[in-house]
Amino acid sequence: MTSHLDATRESYDTVAEDYAARIRPLFHQEPISRAMLAAFAEQVRGPVVDVGCGPGHVTAHLASLGLDVTGVDLSPKMVEVARRQHPDQRFSVGSMTALDFPDGELGGLVAWWSIFHLPPEELPAVFAEFRRTLAPGGRLLLGFHVGDERLSPETAYGHPVTYDAYLLDPGRVADLLGQAGFEVTARLTMEGRKWPQSCLSGRAV
């Protein structure tokens, strides 16, 4: 495992409980984000993976929309929290850089704010991995923070952390998705947070 994945895993192991307590109320205050998830759910046919699922709130929400969904997260502590809070859902520890799914098995993949800690130079390989797991016509939904900056916070959620985070340009992300074998079908930018947020919806071609 590369050093940035180690730092991300260890940091989220540290903040897992406080992150879960803070993020759930925020999710319920975001009707536009939930609308994107609902549109994704209407389009999907087949099993879905929620990559970087954290404490499992999005996984559980997708299940409530009728999807057959599995949550995957790099942090064992996050997966522990997810299993405790959502005992009826499936969760496993894993990395988006090497997903434990056969080629073309999935009908959909969600990465909801979870590419935040990936160095931009690794995005092409990760998007290729997403495409590998999706059947032709499979649906992809990404959420990420907008900008052009590398962030290196010393604390988060009341704890010391050692990860870096990256603000991304939506046009550049869309171009990389196209190179990986996706057709971008919808784009949404939301204001009002510390950084603007973007959602991109795509289809595997």
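Note: the structure precedes this text.
Just so it is clear, the model here is predicted, and its values are computed rather than measured.

(A) Representation of the layout of surface pockets in the model. Estimated volume of the largest pocket: approximately 1,200 Å³. Every element with two or more residues in the lining of the largest pocket is listed here: helix 1 (3–28), strand 1 (48–51), helix 3 (57–64), strand 2 (69–73) and strand 7 (155–156). The element contributing the most residues to the lining of the largest pocket is helix 1, with 10 residues. Looking at side-chain class alone, the lining of the largest pocket contains 25 nonpolar, 13 polar and seven charged residues. Estimated volume of the second largest pocket: approximately 160 Å³. The wall of the second largest pocket is formed by 13 residues, among which Pro120, Leu167, Leu168, Asp169 and Arg172 lie closest to the centre. Examining the composition of the lining of the second largest pocket, we find that three residues originate from one element, helix 6 (residues 170–180), more than from any other.

(B) Layout of the packing of helix 2 (residues 31–43) against helix 3. Between helix 2 and helix 3, whose axes approach to 10 Å, the crossing angle comes to 50 degrees. On the basis of the axis angle, helix 2 is oblique to helix 3. Seen along the crossing, helix 2 lies across helix 3 with a hand that is right-handed. Where helix 2 approaches helix 3, its residues Arg34, Leu37 and Phe40 are matched on the opposing element by Val58, His61 and Leu62. Looking at the contact of helix 2 with helix 3 residue by residue, the class counts come to four nonpolar, one polar and one charged.

About the criteria used
Chains are numbered independently. Their residues run from 1 in the order of the written sequence. Totals for whole chains, interfaces and linings use every residue, but because this is a predicted model, local features are given only for residues with pLDDT of at least 70 and side-chain atom pairs only at 80 or more, for both listing and counting. The basis for every side-chain value is the complete set of non-hydrogen atoms in the structure, without hydrogens or water. Using a 1 Å grid laid over the protein atoms alone, points where a 1.4 Å probe fits but cannot get out form a cavity; open sets with protein on both sides within 12 Å along at least 5 of 7 lines form a pocket; any residue with an atom within 4 Å of a point counts as lining. Grid points are joined across faces, edges and corners, and a volume is the space filled by probe spheres set on the points. The helix count covers DSSP runs of H or I at least four residues long, the strand count covers runs of E at least two residues long, and both are numbered beginning at the N terminus. Here the term charged refers only to Asp, Glu, Lys and Arg, the term nonpolar to Ala, Val, Leu, Ile, Met, Phe, Trp, Tyr, Cys and Pro, and the term polar to all other amino acids, Gly among them. Lines fitted to the C-alpha atoms define the axes, with helices restricted to the stretch that makes contact. Angles between their N-to-C directions range from 0 to 180 degrees. Geometric relationships in this document are graded by angle, where less than 35 degrees denotes roughly parallel, more than 145 denotes roughly antiparallel, 65 to 115 denotes roughly perpendicular, and other angles denote oblique. By definition, turning the near helix anticlockwise from the far helix through less than a right angle yields a left-handed crossing, and turning it clockwise yields a right-handed one. Two residues qualify as a contact provided that any one of their heavy atoms is within 4.5 Å of a heavy atom in the partner residue.

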